[in-house]
Amino acid sequence: MDWVEITVTCRPEATEAVAGILSELGSRGVVIHDPTSVPSHEGWDYYDPPGGDPTVTGSVALEEGVQAETLLAELTDRLAFLAEAVPEWGQPIFSSRVVQDRDWASYYRQFYELLRIGRRVVVIPAWEEYQPTPDEVPVRLDIGMAFGTGTHATTAMCLELLQETVQPGDRVIDWGCGSGILAIAAAGLGAARVEAVDIDGVAVEAAQHNLALNPEAAGRVNIARGSIEELAGLVEGVSANIVADVVIPRLGQVARVLVPNGWLVVSGIVADRREELEAGLAQAGFQLARLKQAGEWIAALCRRAGG
(Lines give C-alpha, C1' and ligand atoms only; values in the text may rest on other atoms or scores of the structure.)
Protein backbone atom coordinates (compact mmCIF):
# COMPACT_ATOMS: atom_id res chain seq x y z
CA MET A 1 0.00 0.00 0.00
CA ASP A 2 1.24 3.49 -0.83
CA TRP A 3 1.12 6.38 1.62
CA VAL A 4 1.05 10.14 1.27
CA GLU A 5 3.40 11.91 3.66
CA ILE A 6 2.14 15.47 4.25
CA THR A 7 4.04 18.28 5.94
CA VAL A 8 2.13 21.46 6.79
CA THR A 9 3.90 24.69 7.76
CA CYS A 10 1.76 26.99 9.88
CA ARG A 11 1.66 29.52 12.68
CA PRO A 12 2.36 28.09 16.19
CA GLU A 13 -1.20 28.66 17.38
CA ALA A 14 -2.56 26.64 14.43
CA THR A 15 -0.54 23.46 15.03
CA GLU A 16 -3.18 21.58 17.01
CA ALA A 17 -5.94 22.45 14.53
CA VAL A 18 -3.74 21.27 11.65
CA ALA A 19 -2.89 18.08 13.55
CA GLY A 20 -6.62 17.48 13.96
CA ILE A 21 -7.19 17.92 10.23
CA LEU A 22 -4.49 15.37 9.39
CA SER A 23 -5.97 12.94 11.91
CA GLU A 24 -9.43 13.34 10.39
CA LEU A 25 -7.97 12.60 6.95
CA GLY A 26 -6.74 9.27 8.28
CA SER A 27 -3.27 9.85 9.70
CA ARG A 28 -2.61 7.55 12.65
CA GLY A 29 0.53 9.42 13.64
CA VAL A 30 1.26 13.14 13.74
CA VAL A 31 4.59 14.79 14.51
CA ILE A 32 4.64 18.47 15.50
CA HIS A 33 7.99 20.20 15.22
CA ASP A 34 7.80 23.61 16.88
CA PRO A 35 11.09 25.54 16.99
CA THR A 36 9.55 27.99 19.48
CA SER A 37 8.93 25.36 22.17
CA VAL A 38 11.22 23.48 24.52
CA PRO A 39 10.40 20.24 26.39
CA SER A 40 11.05 21.69 29.85
CA HIS A 41 11.66 25.34 30.60
CA GLU A 42 11.72 25.30 34.41
CA GLY A 43 14.75 27.17 35.69
CA TRP A 44 15.43 29.07 32.49
CA ASP A 45 16.01 32.79 33.03
CA TYR A 46 15.98 33.44 29.31
CA TYR A 47 15.30 31.42 26.21
CA ASP A 48 15.76 32.73 22.69
CA PRO A 49 13.91 30.32 20.38
CA PRO A 50 15.18 29.70 16.87
CA GLY A 51 13.31 31.21 13.97
CA GLY A 52 10.88 29.52 11.64
CA ASP A 53 7.27 28.38 11.77
CA PRO A 54 6.29 24.97 13.13
CA THR A 55 5.60 22.01 10.88
CA VAL A 56 3.02 19.27 11.33
CA THR A 57 3.74 15.98 9.56
CA GLY A 58 1.40 13.05 9.10
CA SER A 59 1.07 10.10 6.74
CA VAL A 60 -2.21 8.84 5.27
CA ALA A 61 -2.67 5.44 3.64
CA LEU A 62 -4.01 5.48 0.09
CA GLU A 63 -6.74 2.85 0.05
CA GLU A 64 -7.52 1.00 -3.15
CA GLY A 65 -9.02 3.31 -5.74
CA VAL A 66 -8.10 6.50 -3.91
CA GLN A 67 -5.70 8.84 -5.68
CA ALA A 68 -3.28 11.16 -3.92
CA GLU A 69 -4.80 14.10 -5.80
CA THR A 70 -8.19 13.44 -4.19
CA LEU A 71 -6.73 13.40 -0.69
CA LEU A 72 -4.66 16.55 -1.27
CA ALA A 73 -7.66 18.39 -2.75
CA GLU A 74 -9.60 17.71 0.46
CA LEU A 75 -6.63 18.87 2.53
CA THR A 76 -6.45 22.07 0.47
CA ASP A 77 -10.14 22.76 1.13
CA ARG A 78 -9.82 22.15 4.87
CA LEU A 79 -6.76 24.37 5.24
CA ALA A 80 -8.50 27.11 3.26
CA PHE A 81 -11.53 26.84 5.55
CA LEU A 82 -9.26 27.06 8.61
CA ALA A 83 -7.58 30.20 7.22
CA GLU A 84 -10.98 31.75 6.52
CA ALA A 85 -12.35 30.85 9.98
CA VAL A 86 -9.31 32.19 11.85
CA PRO A 87 -7.66 34.81 9.60
CA GLU A 88 -5.04 35.80 12.16
CA TRP A 89 -3.48 32.33 11.81
CA GLY A 90 -2.67 33.01 8.18
CA GLN A 91 -2.72 30.43 5.40
CA PRO A 92 -0.98 27.14 6.20
CA ILE A 93 1.02 25.70 3.32
CA PHE A 94 1.85 22.06 2.71
CA SER A 95 4.14 19.78 0.78
CA SER A 96 3.59 16.10 0.08
CA ARG A 97 5.18 13.00 -1.33
CA VAL A 98 3.98 9.49 -2.08
CA VAL A 99 6.04 6.80 -0.36
CA GLN A 100 6.00 3.02 -0.46
CA ASP A 101 4.64 0.84 2.32
CA ARG A 102 6.36 1.47 5.64
CA ASP A 103 5.94 0.44 9.29
CA TRP A 104 4.75 3.90 10.34
CA ALA A 105 4.28 2.95 13.99
CA SER A 106 7.99 2.15 14.26
CA TYR A 107 8.89 5.18 12.13
CA TYR A 108 7.21 7.65 14.48
CA ARG A 109 8.78 6.14 17.57
CA GLN A 110 12.16 7.60 16.69
CA PHE A 111 10.83 11.09 17.43
CA TYR A 112 9.85 10.42 21.05
CA GLU A 113 11.58 9.45 24.26
CA LEU A 114 10.84 9.47 27.96
CA LEU A 115 10.10 13.03 29.10
CA ARG A 116 10.18 14.50 32.62
CA ILE A 117 7.99 17.55 33.21
CA GLY A 118 8.11 19.46 36.46
CA ARG A 119 9.01 17.68 39.68
CA ARG A 120 6.84 14.57 39.35
CA VAL A 121 5.29 13.84 35.95
CA VAL A 122 7.08 11.39 33.66
CA VAL A 123 5.63 10.91 30.17
CA ILE A 124 6.51 7.40 29.02
CA PRO A 125 6.13 6.20 25.41
CA ALA A 126 3.98 3.08 25.49
CA TRP A 127 6.71 0.91 23.95
CA GLU A 128 9.35 1.79 26.59
CA GLU A 129 9.94 -0.15 29.79
CA TYR A 130 10.25 2.18 32.78
CA GLN A 131 9.71 1.67 36.51
CA PRO A 132 8.70 4.99 38.14
CA THR A 133 9.80 5.90 41.63
CA PRO A 134 7.10 6.18 44.33
CA ASP A 135 7.09 9.98 44.04
CA GLU A 136 6.78 10.05 40.25
CA VAL A 137 3.48 10.29 38.37
CA PRO A 138 3.78 8.11 35.26
CA VAL A 139 1.72 8.92 32.17
CA ARG A 140 2.04 6.23 29.49
CA LEU A 141 1.07 7.34 26.00
CA ASP A 142 0.81 5.73 22.59
CA ILE A 143 2.41 8.87 21.22
CA GLY A 144 1.35 10.05 17.79
CA MET A 145 -2.35 9.16 18.02
CA ALA A 146 -3.46 12.68 18.99
CA PHE A 147 -1.95 16.01 19.88
CA GLY A 148 -0.92 16.67 23.47
CA THR A 149 2.16 14.61 24.27
CA GLY A 150 4.02 16.95 26.61
CA THR A 151 6.63 18.03 24.08
CA HIS A 152 4.82 21.27 23.27
CA ALA A 153 5.22 24.17 25.68
CA THR A 154 1.45 24.58 26.15
CA THR A 155 1.05 21.02 27.43
CA ALA A 156 4.24 21.18 29.52
CA MET A 157 3.10 24.36 31.29
CA CYS A 158 -0.29 22.80 32.04
CA LEU A 159 1.39 19.78 33.60
CA GLU A 160 3.66 22.01 35.69
CA LEU A 161 0.71 24.01 37.00
CA LEU A 162 -1.35 20.89 37.70
CA GLN A 163 1.47 19.55 39.86
CA GLU A 164 1.26 22.70 41.96
CA THR A 165 -2.53 22.77 42.12
CA VAL A 166 -4.30 19.39 42.18
CA GLN A 167 -5.23 18.31 45.70
CA PRO A 168 -6.10 14.76 46.79
CA GLY A 169 -9.81 14.19 46.31
CA ASP A 170 -10.34 16.97 43.76
CA ARG A 171 -13.01 16.53 41.10
CA VAL A 172 -11.62 17.77 37.79
CA ILE A 173 -12.83 18.50 34.26
CA ASP A 174 -10.26 18.19 31.46
CA TRP A 175 -11.83 20.28 28.71
CA GLY A 176 -10.35 19.50 25.29
CA CYS A 177 -8.58 16.36 26.45
CA GLY A 178 -6.60 15.59 23.27
CA SER A 179 -4.43 12.56 23.99
CA GLY A 180 -5.72 12.37 27.59
CA ILE A 181 -2.37 13.38 29.06
CA LEU A 182 -3.74 16.04 31.44
CA ALA A 183 -6.62 13.86 32.66
CA ILE A 184 -4.31 10.91 33.35
CA ALA A 185 -1.81 13.17 35.11
CA ALA A 186 -4.53 14.79 37.25
CA ALA A 187 -5.65 11.35 38.43
CA GLY A 188 -2.05 10.41 39.18
CA LEU A 189 -1.69 13.61 41.22
CA GLY A 190 -4.59 12.60 43.43
CA ALA A 191 -7.81 13.73 41.73
CA ALA A 192 -10.69 11.50 42.79
CA ARG A 193 -12.65 11.93 39.56
CA VAL A 194 -11.76 13.39 36.16
CA GLU A 195 -14.33 14.06 33.44
CA ALA A 196 -12.39 14.44 30.17
CA VAL A 197 -14.20 15.79 27.10
CA ASP A 198 -13.25 16.68 23.55
CA ILE A 199 -15.32 17.57 20.49
CA ASP A 200 -12.94 15.60 18.24
CA GLY A 201 -13.87 11.94 17.97
CA VAL A 202 -10.30 11.00 17.00
CA ALA A 203 -9.01 12.63 20.20
CA VAL A 204 -11.61 10.80 22.31
CA GLU A 205 -10.59 7.48 20.77
CA ALA A 206 -6.91 8.22 21.35
CA ALA A 207 -7.49 9.34 24.94
CA GLN A 208 -9.48 6.19 25.72
CA HIS A 209 -6.69 4.08 24.24
CA ASN A 210 -4.09 5.91 26.33
CA LEU A 211 -6.20 5.61 29.47
CA ALA A 212 -6.16 1.84 29.05
CA LEU A 213 -2.36 2.03 29.21
CA ASN A 214 -2.63 3.64 32.66
CA PRO A 215 -4.69 1.23 34.78
CA GLU A 216 -3.88 3.12 37.98
CA ALA A 217 -5.86 6.08 36.59
CA ALA A 218 -8.53 4.22 34.62
CA GLY A 219 -11.00 3.89 37.48
CA ARG A 220 -11.03 7.64 38.13
CA VAL A 221 -11.15 9.04 34.59
CA ASN A 222 -14.13 9.13 32.25
CA ILE A 223 -13.56 10.19 28.63
CA ALA A 224 -16.40 11.23 26.34
CA ARG A 225 -17.16 13.39 23.33
CA GLY A 226 -18.48 16.78 24.40
CA SER A 227 -17.63 20.24 25.67
CA ILE A 228 -17.78 22.36 28.80
CA GLU A 229 -21.29 23.62 28.02
CA GLU A 230 -22.71 20.10 28.33
CA LEU A 231 -21.33 19.35 31.80
CA ALA A 232 -23.30 19.79 35.01
CA GLY A 233 -22.39 19.66 38.68
CA LEU A 234 -19.59 21.34 40.60
CA VAL A 235 -15.90 20.46 40.55
CA GLU A 236 -12.77 21.76 42.25
CA GLY A 237 -10.76 22.24 39.06
CA VAL A 238 -10.77 22.59 35.28
CA SER A 239 -7.84 22.13 32.90
CA ALA A 240 -8.09 23.58 29.39
CA ASN A 241 -5.26 23.46 26.87
CA ILE A 242 -7.23 25.06 24.03
CA VAL A 243 -6.81 28.12 21.82
CA ALA A 244 -7.91 31.56 23.00
CA ASP A 245 -10.78 31.81 20.51
CA VAL A 246 -12.41 28.81 22.17
CA VAL A 247 -11.53 29.46 25.82
CA ILE A 248 -12.12 33.18 26.34
CA PRO A 249 -15.78 33.32 25.22
CA ARG A 250 -16.60 30.34 27.48
CA LEU A 251 -14.95 31.43 30.73
CA GLY A 252 -18.39 32.07 32.17
CA GLN A 253 -19.28 28.43 31.47
CA VAL A 254 -16.12 27.35 33.27
CA ALA A 255 -17.00 29.46 36.31
CA ARG A 256 -20.46 27.86 36.36
CA VAL A 257 -19.04 24.37 37.05
CA LEU A 258 -16.46 25.43 39.67
CA VAL A 259 -16.91 25.55 43.42
CA PRO A 260 -16.01 28.87 45.11
CA ASN A 261 -12.21 29.24 45.03
CA GLY A 262 -12.09 26.45 42.47
CA TRP A 263 -9.15 26.52 40.08
CA LEU A 264 -8.70 26.81 36.33
CA VAL A 265 -5.46 25.90 34.58
CA VAL A 266 -5.59 27.34 31.07
CA SER A 267 -3.00 27.15 28.31
CA GLY A 268 -2.76 27.30 24.52
CA ILE A 269 -2.91 31.11 24.65
CA VAL A 270 -0.62 33.23 22.49
CA ALA A 271 1.20 35.82 24.59
CA ASP A 272 -0.08 38.81 22.61
CA ARG A 273 -3.61 37.92 23.75
CA ARG A 274 -2.74 38.15 27.44
CA GLU A 275 -4.74 41.33 28.02
CA GLU A 276 -7.78 39.80 26.34
CA LEU A 277 -7.46 36.71 28.51
CA GLU A 278 -7.10 38.73 31.71
CA ALA A 279 -10.15 40.86 30.83
CA GLY A 280 -12.19 37.73 30.16
CA LEU A 281 -11.10 36.15 33.43
CA ALA A 282 -12.06 39.24 35.41
CA GLN A 283 -15.44 39.46 33.71
CA ALA A 284 -16.15 35.80 34.54
CA GLY A 285 -15.21 36.28 38.19
CA PHE A 286 -11.72 34.77 38.18
CA GLN A 287 -8.62 36.01 39.94
CA LEU A 288 -5.28 35.40 38.23
CA ALA A 289 -3.02 33.52 40.65
CA ARG A 290 -0.03 32.70 38.45
CA LEU A 291 1.12 33.26 34.90
CA LYS A 292 3.77 31.25 33.04
CA GLN A 293 5.32 31.92 29.65
CA ALA A 294 7.40 29.81 27.26
CA GLY A 295 8.34 31.45 23.99
CA GLU A 296 5.21 33.09 22.63
CA TRP A 297 2.83 30.91 24.67
CA ILE A 298 1.30 31.63 28.08
CA ALA A 299 -0.49 29.52 30.65
CA ALA A 300 -2.33 30.67 33.75
CA LEU A 301 -3.59 29.39 37.08
CA CYS A 302 -6.78 31.19 38.10
CA ARG A 303 -9.21 30.99 41.01
CA ARG A 304 -12.93 31.51 40.94
CA ALA A 305 -13.81 34.32 43.35
CA GLY A 306 -16.01 33.59 46.33
CA GLY A 307 -13.80 31.33 48.41
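Parameters at a glance
Residues numbered from 1 in each chain as written. Predicted model: local features only at pLDDT ≥ 70, side-chain atom pairs only at ≥ 80, totals over all residues. Heavy atoms only, no water. Helix = DSSP H or I, 4+ residues; strand = E, 2+ residues; numbered from the N terminus. Buried < 20%, exposed > 50% of the residue type's maximum accessible area, 1.4 Å probe, protein only. Contact = heavy atoms within 4.5 Å. Areas by Shrake-Rupley, 256 points an atom, 1.4 Å probe, with all protein chains shown as cover. Pairing = 2+ DSSP bridges. Axes fitted to C-alpha atoms, helices over the stretch in contact; angles between N-to-C directions. Parallel < 35°, antiparallel > 145°, perpendicular 65-115°, else oblique. Left-handed = near helix turned anticlockwise from the far one by under 90°. Core = buried A, V, L, I, M, F, W, Y, C linked by side-chain atoms within 4.5 Å.

Asker: Report on the overall build of the chain, specifying residues and quantitative values.
Answerer: When you go through the chain residue by residue, the secondary structure sums to 10 helices and 14 strands. Here the chain, with 307 residues, has 52% of them falling under the buried criterion. Once local pairs closer than 6 in sequence are excluded, the contacts in the chain between residues at least 24 apart make up 70%. Working note: accessible area of the chain is about 13600 Å², and carbon and sulfur atoms make up 50% of it.

Asker: Help me get a handle on the sheet that holds strand 6 (residues 121-125), residues and values and all.
Answerer: Through backbone hydrogen bonds, the strands of a sheet pair up, either in parallel or in antiparallel fashion. Spatially, 3 strands are ordered 5-6-7 in an open sheet, and the strand pairing comes out mixed. Of all the strands in the sheet, just strand 5 (115-117) and strand 7 (137-141) have a single pairing partner and so form its edges. Across the sheet, the mean angle from the axis of one strand to that of its neighbour is 25°, orientation sign disregarded. For strand 6 and strand 7, the ladder comprises 5 bridges, and the chain directions are parallel. Each bridged residue has a counterpart across the sheet, and for Pro-125 the counterpart in strand 7 is Leu-141.

Asker: Summarise the packing of helix 4 (residues 153-165) against helix 5 (residues 181-188); cite the residues concerned and give the values.
Answerer: Orientation of helix 4 relative to helix 5, taken along the N-to-C sense of each, is 15°, at an axis distance of 10 Å. Here helix 5 runs roughly parallel to helix 4, going by the angle between their axes. The handedness of the crossing between helix 4 and helix 5 is right-handed. Across the interface between the two elements, Thr-155, Cys-158, Leu-159 and Leu-162 from helix 4 touch Ile-181, Leu-182 and Ala-185 from helix 5.

Asker: Tell me about the nonpolar core, and please be specific about residues and values.
Answerer: Counting residues in each nonpolar core, the largest one holds 49 residues, and the members touching the most others are Trp-175 and Leu-264. Here the element with the most residues in this core is helix 2 (residues 68-85); it accounts for 6 residues. Non-local contacts of Trp-175, meaning those with residues more than four positions away in its chain, are made with Val-197, Ser-227, Ile-228, Ser-239, Ala-240, Asn-241, Ile-242, Val-246, Val-247, Arg-250 and Val-254.

Asker: Requested: an account of the sheet that holds strand 2 (residues 30-33), with residues and values cited.
Answerer: Read across the sheet, 4 strands follow the order 2-3-1-4 without closing on themselves; strand pairing throughout is antiparallel. Each edge of the open sheet is held by one strand with a lone partner, namely strand 2 and strand 4 (93-99). This sheet shows a mean twist of 15° between the axes of neighbouring strands, independent of strand direction. Bridging between strand 2 and strand 3 (residues 55-61) involves 4 bridges; their strand directions are antiparallel. Residue Val-31 lies in a different strand from strand 3, and its bridge partner there is Thr-57. Strands in contact with helix 1 (residues 15-24) are strand 1 (3-9), strand 2 and strand 3; relative to strand 3, the strand with the most contacts, it is inclined by about 5°. Each of strand 1, strand 3 and strand 4 is contacted by helix 2, which is oriented at about 25° to strand 1, the strand it contacts most.

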